[in-house]
Amino acid sequence: MMTVKEVSGLTGVSIRTLQYYDKIGLLAPADYTESGYRLYDDTALERMQQILLFRELEFPLKEIRRILSEPDFDRDKALEQQITLLTMKKEHLEQLIAFARGIRLTGGKTMDFSAFDKRKIEAYAKQAKEQWGNTAAYEESVQKAAGRNSKEEQAVMENFMQIFAEFGKHKDAAPESAAVQGLVKKLQDYITEHFYQCSNEILRGLGQMYTENGEFTANIDGAGGSGTAAFAAEAIRIYCGE
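Residues numbered from 1 in each chain as written. Predicted model: local features only at pLDDT ≥ 70, side-chain atom pairs only at ≥ 80, totals over all residues. Heavy atoms only, no water.

K.L.:
Now, about the overall build of the protein: what can you tell me, with residues and values included?
P.N.:
Each helix and strand counted, the protein has twelve helices and three strands in total. Looking at the protein as a whole, 38% of its 242 residues qualify as buried. Contacts spanning at least 24 positions in sequence make up 63% of the contacts within the protein whose residues lie at least 6 apart. (Helix = DSSP H or I, 4+ residues; strand = E, 2+ residues; numbered from the N terminus. Buried < 20%, exposed > 50% of the residue type's maximum accessible area, 1.4 Å probe, protein only. Contact = heavy atoms within 4.5 Å.)

As structure tokens, then:
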């Protein structure tokens, strides 16, 4: 485990930024010290690598969070596409450097602007983005998020995690109890209202992901206490009829 200060020193990302990433649900710590300080494990650091790669490609934080939260996110495929995009950007910069040197040598007599053409990069990036988020649910979530400012988006995420805090308060109850099943319905309705139409099938998949994805599990347990993710997943399984 690494402290937030150690992660900041390792990655070059400020402590304040790491705290903000946690606040918006982009990068949650794996655990906390007894004093409440954030701790990060290898899974969190791997996610940080993905975040930084997407940031290098100028992806907005909202979009990065949605891409990494997709149940079918393919890390290896994303890396291949990121390598291709970064290589294209590198070649573009080399062309610009050569162009600038040419101007210095010729005194600015050239009228060639091809070095500034970024259409190939933009076309590939557009294709990659479509593959990273080509589901109807993703498109709907993008549209809904577009209508919110940063404060509203933060409030949406905080209220979302508050539902899991409520799950945590009911962990002593049976997951099939009326109160807990009511929370599952509340969660489903909240996702539908603020993100995308959450059918029972989608909800079932989310429930499985809550216990299989280290980042989701850490976020949910952070909101409701240890074991909340597993408890919520079981309640969702019962709600969806499995």
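Structure's up, so let's keep going.
K.L.:
Describe the packing of aromatic side chains, and please don't skip the residues or the numbers.
P.N.:
In this structure the tally under the stated criterion is seven aromatic pairs. Considering the side-chain rings of Phe160 and Tyr190, the 6.1 Å spacing of their centres and the 15 degrees angle between planes classify their relative orientation as stacked. Pair noted here: Phe160 is in helix H8 (residues 150-169) and Tyr190 is in helix H9 (residues 178-194), with a separation of 30 residues, a long-range link. We classify Tyr190 as buried; its relative accessible area is 13%. Aromatic ring contacts, followed pair by pair, group Phe160, Phe164, Phe167, Tyr190, Phe195 and Tyr210 into a single cluster. (Phe/Tyr/Trp six-rings, centres within 6.5 Å; stacked < 30°, edge-to-face > 60°.)

K.L.:
Explain the pattern of salt bridges to me, using residue names and the numbers behind them.
P.N.:
A side chain of one charge can pair with a side chain of the opposite charge when the charged atoms of the two come close. Evaluated as defined, the whole model comprises six salt bridges. With a shortest N-O distance of 2.4 Å, Arg65 and Glu153 are connected by a salt bridge. Pair noted here: Arg65 is in helix H4 (residues 61-69) and Glu153 is in helix H8, with a separation of 88 residues, a long-range link. Summarising the burial analysis for this pair, Arg65 and Glu153 share the class buried. Its salt-bridge partner being Lys185, residue Asp189 comes within 2.8 Å of it at the nearest N-O pair. Taken together, the positions of Asp189 and Lys185, both in helix H9 and four residues apart, correspond to about one turn of that helix. A relative accessible area of 36% means that Asp189 is categorised as partly exposed. A relative accessible area of 37% means that Lys185 is categorised as partly exposed. (Salt bridge = Lys/Arg side-chain N within 4 Å of Asp/Glu carboxyl O.)

K.L.:
Describe the sheet that holds strand S2 (residues 31-32), listing the residues and the values that go with them.
P.N.:
One open sheet accounts for three strands, arranged S1-S3-S2; its pairing is antiparallel. Each edge of the sheet is formed by a strand with only one pairing partner; in this case those strands are strand S1 (2-3) and S2. Here two bridges tie S1 to strand S3 (residues 38-40), and the two strands are oriented antiparallel to one another. Among the inter-strand pairings, Thr3 is bridged to a residue of S3, identified as Leu39. (Pairing = 2+ DSSP bridges.)

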